[in-house]
Amino acid sequence: GESGEIRIALPADSVTDALGNPNPASEPLVLQVNDRAPVITRIVSNEGEITNADSVSWSVRFSKPVTGVDASAFSLSGVTGASLSVSGSGLSYQVTASGGGLADLDGVVQLSAVASSTVKDDRDRSFEGEGPTEEDQSRITLDNTAPTPTLTVEHAEVTGPFRLTLSFALTSIS
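In what follows, the accompanying structure is described. Everything quoted here is computed from the prediction, not taken from an experiment. (Residues numbered from 1 in each chain as written. Predicted model: local features only at pLDDT ≥ 70, side-chain atom pairs only at ≥ 80, totals over all residues. Heavy atoms only, no water.)

## Structural notes on the overall build of the protein chain
Counting secondary structure elements, the protein chain contains 0 helices and 14 strands. Across the protein chain, helices and strands are ordered from the amino to the carboxyl terminus as β-β-β-β-β-β-β-β-β-β-β-β-β-β. The C-alpha radius of gyration of the protein chain comes to 29 Å, more than 25% above the 16 Å expected for a compact globule of 174 residues. The principal-axis extent of the C-alpha atoms belonging to the protein chain is close to 120 × 35 × 20 Å. A total of about 11000 Å² of accessible surface is found on the protein chain, and carbon and sulfur atoms cover 51% of it. With 10 positive and 23 negative side-chain charges, the protein chain shows a spacing of 5 Å between the two charge centroids. (Helix = DSSP H or I, 4+ residues; strand = E, 2+ residues; numbered from the N terminus. Rg over C-alpha atoms; globule rule 2.2 N^0.38 Å. Areas by Shrake-Rupley, 256 points an atom, 1.4 Å probe, with all protein chains shown as cover. Lys, Arg positive; Asp, Glu negative; His and termini not counted. Charge placed at Lys NZ, Arg CZ, Asp CG, Glu CD.)

Spelled out as structure tokens, the structure:
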């Protein structure tokens, strides 16, 4: 599909009235044409960039109102066994991932769009999986490993002032 303008104008002296008076040139009538399939413009994490939540969700916005949006219009990478659920209507939808390995995951999950013949705009054009074209927060880092504390002292027997060292082993996530 294409987008653009259609300009329609009547040139001067194109028609006359019953008395033979010619018309002046008309101002152009400008029509906007948008014959493009819908695309996703934004995928925004509702959890921020990093979380330890057992389920994660995104706000998804389309370029024009669509219907028929369900889990088949999206895919989730970075975790196995999680399921997607979708709610919303028109331009805006919420996509939630839950279950599977999310509760114990230390890593990155990413929501992606998938072409879907069930997602259509009001002119019956199908969503082709394009997007996000503007804001992309489709990646969320999950950190479900608690830090491990270690206490050490220089000498096991305390006979006066002593120094206690507290350190944590943290898991680095790339």
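## Details of a nonpolar patch on the surface
The grouping of Leu151, Val158, Phe162, Leu164, Leu166 and Phe168 at the surface amounts to a nonpolar patch, some 660 Å² of accessible area in total. It is strand S14 (residues 164–169) that provides the largest number of residues to the nonpolar patch, a total of 3 residues. Classification of Val158 by relative accessible area gives exposed; the value is 51%. (Patch = residues over 30% accessible without salt bridge, like charges linked within 9 Å, V, L, I, M, F, W, Y side chains within 5 Å. Salt bridge = Lys/Arg side-chain N within 4 Å of Asp/Glu carboxyl O. Buried < 20%, exposed > 50% of the residue type's maximum accessible area, 1.4 Å probe, protein only.)

## Brief notes about the nonpolar core
Ranked by internal contacts, the top residues of the largest apolar core, which has 25 residues, are Ile40, Trp58, Val60, Phe62, Phe74, Val109 and Leu111. Elements with a contribution of two residues or more to this core: strand S3 (40–45), strand S5 (55–66), strand S6 (74–77), strand S7 (83–98), strand S8 (106–113) and strand S12 (139–143). Sequence-distant contacts of Val60, defined by excluding residues within four places in its chain, comprise Ile40, Arg42, Ile43, Phe74, Leu91, Ser92, Tyr93, Val95 and Leu111. (Core = buried A, V, L, I, M, F, W, Y, C linked by side-chain atoms within 4.5 Å. Contact = heavy atoms within 4.5 Å.)

## Comments concerning the sheet that holds strand S4 (residues 50–51)
Reading across from one edge, S4-S12-S8-S6 is the order of the 4 strands in this open sheet, with mixed pairing throughout. Every interior strand has two partners, whereas the edge strands, S4 and S6, have only one. As paired elements, S4 and S12 share 2 bridges and run parallel to each other. Within S12, the residue paired with Thr51 across the bridge is Leu142. (Pairing = 2+ DSSP bridges.)

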